[in-house]
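Here's the letter readout for the chains.
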Amino acid sequence: MKLGIDASNIRDGGGVTHLVELLKSINPIEFGFETVYLWSNNKTLSKVEDKEWLIKCNLPVFEKSLIYRIYWQRFKLSDLVRSKNCILLFAPGGAYAGNFHPVVTMSRNLLPFEWKELLRYGFSLKTLKMIFLRFTQSHSFRVADGLIFLTRYAEQVVTKSTNIAYRKTKIIPHGIGERFFESPREQFAIEEYSTIQPFRLLYVSVIEMYKHQWNVAEAVMLLRKSGIPIVLDLIGPSYPPALKKLKRKLSVIDSAKEVINYLGPISHSELHTKYKQSNLCVFASSCENMPNILLEGMASGLPIACSELGPMPEVLGNAGVYFNPLDPNDTARAIKKLIDSPQLRTELSELSFDRVKKFSWNRCGQETFGFFSEIVSKQND
């Protein structure tokens, strides 16, 4: 059997990481797929490890704008897949408009399906884009022969919005890279820290309306003013209006720039070093499909203060202290609870480190290709 993968719109971020790790972790021949055709742009293809069974395919249209790629996917892709005698097409980007079947796609972005989160953007191009994605992805999910979700929470939200049959869905979480794994370290009382050598909090995530970095910053300043020697490092690219909102907040609460450090984006290949330099991980998102950054914090052996919303409790379980990310006071309460107790930090970091081990790329690959085999078998019945 031959498998086709349409990654023409997979260009950066978690989509590339998933594609790279998925194809590195699996031998598709074990599932009956002797050849895999991968269609994508040169930048993405260069990051995918070469394999004997993998044929990388680049077309000039993949280097053009989105409108050209949409046209190619709608009118050219299906015939191309048939010409390669593929028995199944995988479209991990979440959008599919062709007529080839069977096809498996996956839900990656939950923002288009959570109206209360989308309203944070007001009337903007971002809102219009998310509404467009809701329409196109809803259609793709309904016509797909198989649909992969990353968490049960995401499955419940999307299936409720789109009336998708559960019988064609599968929950397959992403994995976490080995380089992030760092055994939980010894925890010290807050009295061991000072303004010269402060207790370092780390929040890694894109600056976005639903990430609430300004609330975390306000919570940290409340604790700092109470005499706790802590600082907060924020890492990630930014959505300009959200960054503007964050900077306005920081100009009021930390005009001297002594406590809150926005470091901007850092290469994912170097990110694990920042976790090693930190004492506590904060994750304050209110909208996630699969919180990969939360997995990174768990694997890094850090105690975690985490948002109580979305799929975060499903992923972290009882291995963290939860807070309402919309409330700076509650955020401060959760952080202080961890800071006040080295024993609690030790217990929870060990629990989360043990829990994250089940989120492996090998497991993700096995379950994904196993699902492909199930869909092919159903089509042949």
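In what follows, the structure referred to is the one given above.
Note that the structure is a prediction, hence the values are computed from the model and not measured.

Caption draft 1: Examining unusual backbone geometry more closely. Looking along the chain, the bond that leaves H101 and enters P102 is cis, with omega of 5°. For H212, which is not a glycine, the phi torsion comes out positive at approximately 60°. In this structure, H212 sits in the loop between β8 (199–204) and α8 (213–225). Classification of H212 as buried rests on a relative accessible area of 3%. Backbone geometry places K257, a non-glycine residue, at a positive phi of 55°. Structurally, the position occupied by K257 is in the loop between α9 (240–253) and β10 (260–262). Owing to a relative accessible area of 68%, K257 belongs among the exposed residues under this scheme.

Caption draft 2: Representation of the pairing of strand β3 (residues 54–57) within the structure. By the bridge criterion, four bridges tie strand β2 (residues 35–39) to β3 in an arrangement that is parallel. Opposite Y37, over in β3, you have I55 as the bridge partner. Since β2 and β3 lie parallel, the crossover through helix α2 (residues 42–47) that links them has a hand, and here it is right-handed.

Caption draft 3: Geometry of the sheet that holds strand β7 (residues 169–171). Taken in spatial order, the seven strands of this open sheet run β3-β2-β1-β4-β5-β6-β7, and their pairing is parallel. One side of each edge strand has no neighbouring strand; the edge strands of this open sheet are β3 and β7. Adjacent strand axes in the sheet meet at a mean angle of 20°, parallel and antiparallel pairs treated alike. In terms of strand pairing, strand β4 (residues 88–91) meets strand β5 (residues 103–106) through three bridges, oriented parallel. Following the sheet pairing, F90 is matched in β5 by V104. Across the face of the sheet, helix α15 (residues 361–380) comes into contact with β1 (2–6), β4, β5, β6 (146–149) and β7 while running at roughly 160° to β6.

Caption draft 4: Molecular detail of the sheet that holds strand β11 (residues 280–283). Strand order in the open sheet formed by six strands is β10-β9-β8-β11-β12-β13, and the pairing between neighbours is parallel. The outermost strands of the open sheet, each flanked by one partner alone, are β10 and β13 (321–323). Going across the sheet, the axis of each strand differs from the next one's by a mean of 20°, ignoring polarity. Two strands pair when backbone bridges link them, and strand β9 (residues 230–235) and β10 are joined in this way by three bridges, in the parallel orientation. Residue pairing for β10: D233 is matched across the bridge by N261. Sheet strands in contact with α8 are β8, β9, β10 and β11, and its direction is about 165° off that of β9. Sheet strands touched by helix α11 (residues 292–299): β8, β11 and β12 (304–307). Its angle to β12, the strand with the most contacts, is close to 165°.

Calculation criteria
Within any chain, residue numbers begin from 1 and follow the written order of that chain's sequence. Side-chain atom pairs in this predicted model are given and counted only at pLDDT of 80 or more, local residue features only at pLDDT of at least 70, and totals for whole chains, interfaces and linings cover all residues. Where side-chain values are given, they derive from all heavy atoms of the structure, hydrogens and water being excluded. The helix count covers DSSP runs of H or I at least four residues long, the strand count covers runs of E at least two residues long, and both are numbered beginning at the N terminus. Here's how the labels work: a residue is buried when its accessible area is under 20% of the maximum for its type, exposed when over 50%, partly exposed in between, all with a 1.4 Å probe on protein chains only. Any two strands with at least two DSSP bridges between them are considered paired. Place the viewer so that the strands point away; then a crossover is right-handed whenever the path from the first strand over the helix to the second strand goes clockwise. Throughout, an axis means a line fitted to C-alpha atoms (over the contacting stretch in the case of helices), and angles, computed between N-to-C directions, take values from 0 to 180 degrees. Throughout, a contact is declared for two residues whenever any of their heavy atoms are within 4.5 Å.

Scope: geometric values only; no functional claims are made or implied.
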